[in-house]
Amino acid sequence: MKSYGFSLLLIISIIFGALLGIVFKKDAAMFKPLGDIFLNLLFTVIVPLVFFSISSTVASMTNLKRLGKILSVMVLLFVGTGLIASVVMIVAVVLYPPAVGSSIPLPAVADVPQLKAADQFVRAFTVSDFPNLLSKNNMLALIVFSMLTGLATSAVGEKGKTFAGFLISANEVMMKLITFIMYYAPVGLGAYFAYLVGVFGPELLGSYARAMTLYYPTALVYFVVAFSLYAFLAGRTDGVKKFWRFIIPPSLTALATGSSMATIPANLQAADDIGVPRDISEVVIPIGATLHMEGSCLAAVLKIAFLFGIFQMPFSGVETILTALGIALLTGVVVSGIPGGGTIGELLILSLYGFPPEALPLITMIGTLVDPPATMINAVGDNVSSMLVARVLGGKGWLEEQG
């Protein structure tokens, strides 16, 4: 109970919330404000948490080559795990086409925005004024600013030690604040599950049922099997045990809130408990919440296969499969960091395959319905990626050294 007591409490609260959703149906929306309180508390702490965790970590590094190694290994792992997730879903949609039997009339022509790649790039990595950094909507720009602040603190040497101490102290305060906020998690997560089950339950049983019947089990299998394998590669049997011992709170937070950003606090706490070095977890997890989306890779392939089924086109052929693989990787590892990245990924699907604009709302609904398990995979994937980075940089004994 000491190890799993809080996790069991969260599971019980979510089950209770789901039962409330079944009983109250659409009226379960009345519980949403209780969940919004929890979500707002998490979103409020994200900006200072990400700033202080990254800047303090970088400022404390005496060897900046290690930072370069962390970032290099992180990028390779993000691409590799995203590729694996995409291939898994490609196999799944080939074996079980998601749109068979679906009868969804095409909606009115969608308002498709015009996107300029250069403008999107600038918006992703920079903002025009400092106050704009203080928003979760500009997370990639905040990460860049945090890293530069840490580098500048380290570069000024002795004169920067006082400021570096402030960054480290503030980071500890933020981590303690996370602990306080998580005390409310059973109420907040239970309320959110009541809302999700009550409001979106009918959609899961309607025209999109076959697509959801494919995605939810595939996501669950990937979550258990792939992440257990990654944890084993990172720390052998001890790695798997520690991973599953501490990953339940961030998993349920992601599942209920549908936000990788909101899961950063719980994810950092879990990485601490697992034994991932802080200079790794406090870089990989915040960046991963913006740029690493294995669940979105799974969802992108599902969206493509779903449209192929709706328009009665065969989802086969080398070019079709490779294009799906490329879009999934772009959606899950690159485009996700750009403001409005979800919409951009869906527009890529329409443009590269030549689907009409009317198809946009169809796959937008797919994205809405798969969001809870997709976000859980996105968030937990960041945690296990930090374990793998620790394994690559720390060798076989990294877990014992931290223990």
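These remarks concern the structure in this document.

1. Brief notes about a nonpolar patch on the surface
Logical step 1: Side chains of Leu 8, Ile 11, Ile 12, Ile 15, Leu 19 and Ile 22 sit close together on the surface and give an oily, nonpolar patch of about 540 Å² of accessible area.
Logical step 2: Looking at the element boundaries, Ile 12 is found in helix 1 (residues 5–24).
Logical step 3: Under the relative-accessibility criterion, Ile 12 is labelled exposed at 56%.

2. Points about the pattern of salt bridges
Logical step 1: Tallying each qualifying case throughout the model produces 7 salt bridges.
Logical step 2: Note that Asp 279 and Arg 66 form a salt bridge whose closest N and O atoms lie 2.5 Å from each other. With Asp 279 in helix 11 (residues 278–291) and Arg 66 in helix 3 (residues 64–95), this residue pair connects regions lying 213 residues apart in the sequence.
Logical step 3: As a salt-bridge pair, Arg 278 and Asp 272 come within 2.7 Å of each other at their nearest N and O atoms.

3. What about the side chain of Thr 375?
Logical step 1: Positionally, Thr 375 belongs in helix 15 (residues 360–394).
Logical step 2: Note on Thr 375: relative accessible area 4%, which makes it buried.
Logical step 3: Leaving out residues up to four positions away in the same chain, Thr 375 has contacts with Ala 254, Gly 258, Ser 259 and Ser 260.

4. Considerations on the packing of helix 1 against helix 9 (residues 248–257)
Logical step 1: Orientation of helix 1 relative to helix 9, taken along the N-to-C sense of each, is 25°, at an axis distance of 9 Å. The orientation of helix 1 relative to helix 9 falls into the category roughly parallel. Here the hand of the crossing between helix 1 and helix 9 comes out left-handed. Mapping the contact onto sequence places Phe 6, Ser 7, Leu 10, Ile 11 and Ile 14 in helix 1 and Ile 248, Pro 249 and Leu 252 in helix 9.
Logical step 2: Its residues placed into classes, the contact of helix 1 with helix 9 shows 7 nonpolar, 1 polar and no charged.

5. Comments concerning the layout of surface pockets
Logical step 1: In this structure, the second largest pocket spans a volume of roughly 590 Å³.
Logical step 2: Lining the second largest pocket we find 23 residues, and of these Leu 196, Tyr 216, Leu 369, Pro 372 and Pro 373 sit closest to its centre.
Logical step 3: By residue number, the principal contributor to the lining of the second largest pocket is helix 7 (residues 185–204), which donates 8 residues.
Logical step 4: Residue composition of the lining of the second largest pocket, by class: 16 nonpolar, 5 polar and 2 charged.

6. Here's the deal with the packing of aromatic side chains
Logical step 1: Inspection of every chain in the model, using the stated rule, returns 21 aromatic pairs.
Logical step 2: Pairing Phe 52 with Phe 166 gives two aromatic rings, centres 5.7 Å apart and planes at 85°, and the pair type is edge-to-face. Of this pair, Phe 52 sits in helix 2 (residues 32–60) while Phe 166 sits in helix 6 (residues 161–182); the two residues are 114 residues apart in sequence, bridging distant segments of the chain.
Logical step 3: Ring pairs connect the aromatic residues Phe 51, Phe 52, Phe 130, Phe 145, Phe 163 and Phe 166, which therefore count as one cluster.
Logical step 4: Seen from the ring of Tyr 96, Arg 210 lies directly overhead, with NZ or CZ sitting 3.8 Å from the centre.
Logical step 5: Between Arg 236 and the ring centre of Phe 232, over which it is positioned, the NZ or CZ distance is 5.2 Å.

So, how was this worked out
- Residues numbered from 1 in each chain as written.
- Predicted model: local features only at pLDDT ≥ 70, side-chain atom pairs only at ≥ 80, totals over all residues.
- Heavy atoms only, no water.
- Patch = residues over 30% accessible without salt bridge, like charges linked within 9 Å, V, L, I, M, F, W, Y side chains within 5 Å.
- Areas by Shrake-Rupley, 256 points an atom, 1.4 Å probe, with all protein chains shown as cover.
- Salt bridge = Lys/Arg side-chain N within 4 Å of Asp/Glu carboxyl O.
- Helix = DSSP H or I, 4+ residues; strand = E, 2+ residues; numbered from the N terminus.
- Buried < 20%, exposed > 50% of the residue type's maximum accessible area, 1.4 Å probe, protein only.
- Contact = heavy atoms within 4.5 Å.
- Axes fitted to C-alpha atoms, helices over the stretch in contact; angles between N-to-C directions.
- Parallel < 35°, antiparallel > 145°, perpendicular 65-115°, else oblique.
- Left-handed = near helix turned anticlockwise from the far one by under 90°.
- Nonpolar A, V, L, I, M, F, W, Y, C, P; charged D, E, K, R; others polar.
- 1 Å grid on protein atoms, 1.4 Å probe; cavity = no way out; pocket = protein on both sides within 12 Å on 5 of 7 lines; lining within 4 Å.
- Points joined across faces, edges and corners; volume = space filled by probe spheres on them.
- Phe/Tyr/Trp six-rings, centres within 6.5 Å; stacked < 30°, edge-to-face > 60°.
- Lys NZ or Arg CZ within 6 Å of the ring centre and 35° of its normal.

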